[in-house]
Amino acid sequence: MILRGTMGIFAATAVLAFNTIVVQAAPFMIVGNDEKLAFDDSGKAILSLPGKDSVLIVDLANPLSPKIIANLQLKNSVVGPPVNLDIDPTGSIAIVADSIDVIKDGETLKSVPDDKIYVIDLKAKPAKLIATLTGDKQPSGLSINPAGTLALVANRAGKSITVLSIKGTDVKVIDTVAMGEEISHVVFTPDGKHALATKFAGHKIALLDVAGDKVTYTKQDLPVGLWPYNVAVAPNGSIALTADNGNNGTSDGNVDTVSVIDLSVQPPRVIDHITVPDSPEGLAISPKGNIAAVIDATGSNKDHKAFFYHRNGVATILRVDGKKVTKLKDIEVGALPEAVCFTPDGRYLLVGNYMDRDFSILRVNGTNVTDTGKRFKVPGQPGSARCSSH
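Residues numbered from 1 in each chain as written. Predicted model: local features only at pLDDT ≥ 70, side-chain atom pairs only at ≥ 80, totals over all residues. Heavy atoms only, no water.

## Focus: the confidence of the model for the protein chain
Residues of the protein chain with pLDDT of at least 70 account for 94%, and the chain-wide mean is 94. Of the regions scoring below 50 in pLDDT, residues 1-24 engages in one contact with residues more than four places distant in sequence or in other chains. (pLDDT = per-residue confidence, 0-100. Contact = heavy atoms within 4.5 Å.)

This is the structure we're talking about:
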C-alpha cells in the first residue's frame, strides 16, 4: 500500500512537472541597442541622431545559439549602468528606461537627459510596446520586485527614484522619492522589503524601506568604493555587491573595486573590498548564488595610444561563499563590454560587447567559468541586457 501510494504521488508529480514544462516559456533575454553613441580610435565620442536604436527579445532555449524573436524600434542609451531594463518574474512584461536623447544644437549634436520609460508586453506575439510613461530626468538603472508588483527607476539627473505600480500589463507612476544626489541604479532585496540605490557621485549606497507600494529613503548611507555604478543582491539576501566604477564612469588605467555589503546584520555594513580591473560596470550574481561576474572595460573605448588601452575588456569571476567573496579569474571578452546576465539555470553567462556588436557566451560549471568561443551577433551596439528569472 505504501509503495503503491508513493508511486502514485511520484506519477502525479511527474505529470505536473511535464505540464509545467510544456506551458512555461523558454528563458529569454532583453537587450538594449544604442546606435547614437560610438567611439573613434582616439577615444572621441561620436554622436548620431536617434532613429536606429532597438530593444531585442532573445530566446535562450539554446544558450549556445540564441534566437532573436522580436526587434522593437525603441530609443534607449548606453549612458548609465547596463541595467536600464528588467523583466517581471512571470515573464509577462518588461520595463525599459531611456536615459539620454541626442538633439541638434545649431550645427552640432549634443546629449541631453530624457525622461521616458517604456512598457513592453512580452506575451504578445511578437512582443510589443504597450505604454510610454514619463518619469524624472535621466531614468537609468531599474529593478522589478520579486512579487512583480512594483518597480523602481533611478533618475541620475533628477536625483530621485521613480516608483511604478504593476498590475498585470498596467504600469503606472505612483511616486517619486527625492534622494538629494545622483542615483545610477536601484535594486530590491529578495524579500521585497528593502532596496539599495547607488549614489554614484557620493560614493555611497543608500538604503530604502519598502512597505506595500510605499518606498521610503531611510537617510542611511553606506560608504563603498569610488563611483559605485551598479549594485546586485545575492539570491539569499545575505550580501550585496557594488561595481565601483572609478574615475567618474570611465577607464583611467587604475584598478577599481567591488564592495561587499553584509545585509544580514543591523545596521547593514560594508565588510570587504575586492580589487578588480579598470572600470567595472556590468555586474550579476548567479541564480545559484555561488559566483558573480563583474564586467571591466579596461580602456577598450579609449585612445589607442593611451597606456591603459586594451582591445578588449574582461569578465572578472568572483567566488561567493556565504559572506566571503574572492576573485577567481579574468576572462577576456570583447570591446567595451557592458551588459552581463546569467541564464536562469546559472549554466551560462552572456556578456554584451558594445563596440563588437555581439555577446560572448561563457559556460559555467560550478565555480569554473570558461569561454565557449561562441559569439552571438546582434543588430546594434548592446548597451544593456537582462535575463528572465525562469
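## Some words on empty space enclosed by the protein
Taken as a whole and judged by the stated rule, the model has one cavity of 30 Å³ or more. The space that makes up the largest cavity amounts to roughly 40 Å³. Forming the walls of the largest cavity are Ser77, Val78, Val79, Gly80, Pro81, Asn84, Ala97, Ser99, Pro139 and Ser140. Broken down by secondary-structure element, the contributors of at least two residues to the lining of the largest cavity are strand E7 (93-105) and strand E10 (139-144). Partitioning the lining of the largest cavity into residue classes produces five nonpolar, five polar and no charged. (1 Å grid on protein atoms, 1.4 Å probe; cavity = no way out; pocket = protein on both sides within 12 Å on 5 of 7 lines; lining within 4 Å. Points joined across faces, edges and corners; volume = space filled by probe spheres on them. Helix = DSSP H or I, 4+ residues; strand = E, 2+ residues; numbered from the N terminus. Nonpolar A, V, L, I, M, F, W, Y, C, P; charged D, E, K, R; others polar.)

## A closer look at the layout of surface pockets
Of the pockets and cavities examined, the largest pocket occupies roughly 960 Å³. What lines the largest pocket is a set of 37 residues, and nearest its centre among them are Asp86, Val233, Ile285, Arg386 and Ser389. Put simply, the parts of the chain that give the lining of the largest pocket at least two residues each are strand E6 (85-87), E10, strand E14 (183-188), strand E18 (228-233), strand E22 (280-285), strand E26 (337-342) and strand E30 (382-387). The residue makeup of the lining of the largest pocket, split by class, is 25 nonpolar, nine polar and three charged. Considering only enclosed or pocket space, the second largest pocket measures out at about 400 Å³ in volume. Along its surface, the second largest pocket is lined by 20 residues, and Val79, Tyr229, Gly249, Thr250 and Glu281 are the ones closest to its centre. Broken down by class, the residue content of the lining of the second largest pocket amounts to eight nonpolar, eight polar and four charged.

## Section: unusual backbone geometry
In this structure, Pro126 follows Lys125 across a cis peptide bond, with omega equal to 0 degrees. For Pro126, the location among the structural elements is in the loop between strand E8 (108-121) and strand E9 (128-134). With an omega of -5 degrees, the peptide bond running from Gln266 to Pro267 counts as cis. Looking at the secondary structure, you find Pro267 in the loop between strand E20 (256-262) and strand E21 (269-276). Not every positive phi belongs to a glycine, and Lys219 is a case in point at roughly 65 degrees. Among the structural elements, Lys219 can be located in strand E17 (residues 214-223). Using a relative accessible area of 65% as the deciding quantity, one classes Lys219 as exposed. Positive phi values are uncommon outside glycine, yet Asn248 reaches one of about 55 degrees. Structurally, the position occupied by Asn248 is in the loop between strand E19 (239-244) and E20. (Buried < 20%, exposed > 50% of the residue type's maximum accessible area, 1.4 Å probe, protein only.)

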